[in-house]
Amino acid sequence: MLMDNTLELLGITDSNIKITRFSAESVNGEKRNVIEARLTYNVDRYPYCESEKVVRNGSKILHTRLTELHQERFEVLYKQRYLCKECLKTWSARTDIVEEGHTLSHQLKRSVLHMAREEITATGIARICHCSPSSVIRIIDEAVELKSRVARLPENLCFDEFRSVNSTMSFICCDAEGSHDIVAILEKIFYRCPHPKAEQNYLASEICYN
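Residues numbered from 1 in each chain as written. Predicted model: local features only at pLDDT ≥ 70, side-chain atom pairs only at ≥ 80, totals over all residues. Heavy atoms only, no water.

### Some remarks on the packing of aromatic side chains
Phase 1: Enumeration according to the criterion identifies five aromatic pairs in this entry.
Phase 2: Here the aromatic rings of Phe-159 and Phe-171 are separated by 6.1 Å at their centres, their planes lie at 35 degrees, and the arrangement is tilted. Taken together, the residues span a long stretch of sequence, with Phe-159 in strand E6 (residues 157-163) and Phe-171 in strand E7 (residues 169-175) at a distance of twelve residues.
Phase 3: For Phe-159, a relative accessible area of 58% gives the class exposed.
Phase 4: Overall, the relative accessible area of 3% leaves Phe-171 in the buried class.
Phase 5: An aromatic cluster is built from Tyr-41, Tyr-46, Tyr-48, Tyr-82 and Trp-91, whose rings are joined through pairwise contacts. (Phe/Tyr/Trp six-rings, centres within 6.5 Å; stacked < 30°, edge-to-face > 60°. Helix = DSSP H or I, 4+ residues; strand = E, 2+ residues; numbered from the N terminus. Buried < 20%, exposed > 50% of the residue type's maximum accessible area, 1.4 Å probe, protein only.)

Have a look at this one:
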């Protein structure tokens, strides 16, 4: 019962996960809380070949990074592996706390996106969530979909440049009339002057970036 309450406090709702041990360790002078848990459930048949000849086949260790503001928190998850004796295929138990093949939990990714909305820098978010700035940028890129091309440019554009990541200059333009929607955001740009013979109305493709 105590372990179940602990799972709720950690925001873990998967009833197939059972905590087996808590520990603390120091890494580069920082305290890290480690939660060891086991993920297992009964499997009646292999979902692909529909065979019922399924047996347990050891476990796979997954190091999952959870969210905590003051200290780094890891979950060492022992995922049950299964073997189908009919087709000899193996697979691991799955959980909704982390995407298959990833180590950063959905809980941590939600925290990253929340901090990004509060205009905290990627470096600051990485320091708070104990992950790398590149992981922060990847999480944001996966969550935000920006249209890189439009079928037709608005007749009138508003455009400007602004200082973005690593003090580089980026370009932004939007519809000057009507919806005022953002048309494009180009990072790390430098401007190329229009060709002398170009018409006055030139496309945004005349703006180059690295």
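### A short note on the pattern of salt bridges
Phase 1: Following the criterion strictly, the structure yields seven salt bridges and no others.
Phase 2: The closest approach of N and O atoms between Arg-45 and Glu-50, which form a salt bridge, is 3.6 Å.
Phase 3: Arg-45 gets classed as partly exposed once you look at its relative accessible area, which sits at 37%.
Phase 4: We classify Glu-50 as partly exposed; its relative accessible area is 44%. (Salt bridge = Lys/Arg side-chain N within 4 Å of Asp/Glu carboxyl O.)

### Some details on helix H4 (residues 133-143)
Phase 1: Regarding H4, the residues found buried are Ser-135, Val-136 and Ile-139. On an axial view of H4, the arc spanned by its buried residues comes to 105 degrees, and they lie on one face.
Phase 2: Lining the buried residues of H4 we find helix H2 (106-117) and helix H3 (122-129). (Arc of directions from axis to C-beta. Contact = heavy atoms within 4.5 Å.)

### Focus on unusual backbone geometry
Phase 1: For Glu-119, which is not a glycine, the phi torsion comes out positive at approximately 65 degrees.
Phase 2: By the element assignment, Glu-119 lies in the loop between H2 and H3.
Phase 3: A positive phi angle is found at His-130, which is not glycine, with a value near 60 degrees.
Phase 4: By the element assignment, His-130 lies in the loop between H3 and H4.

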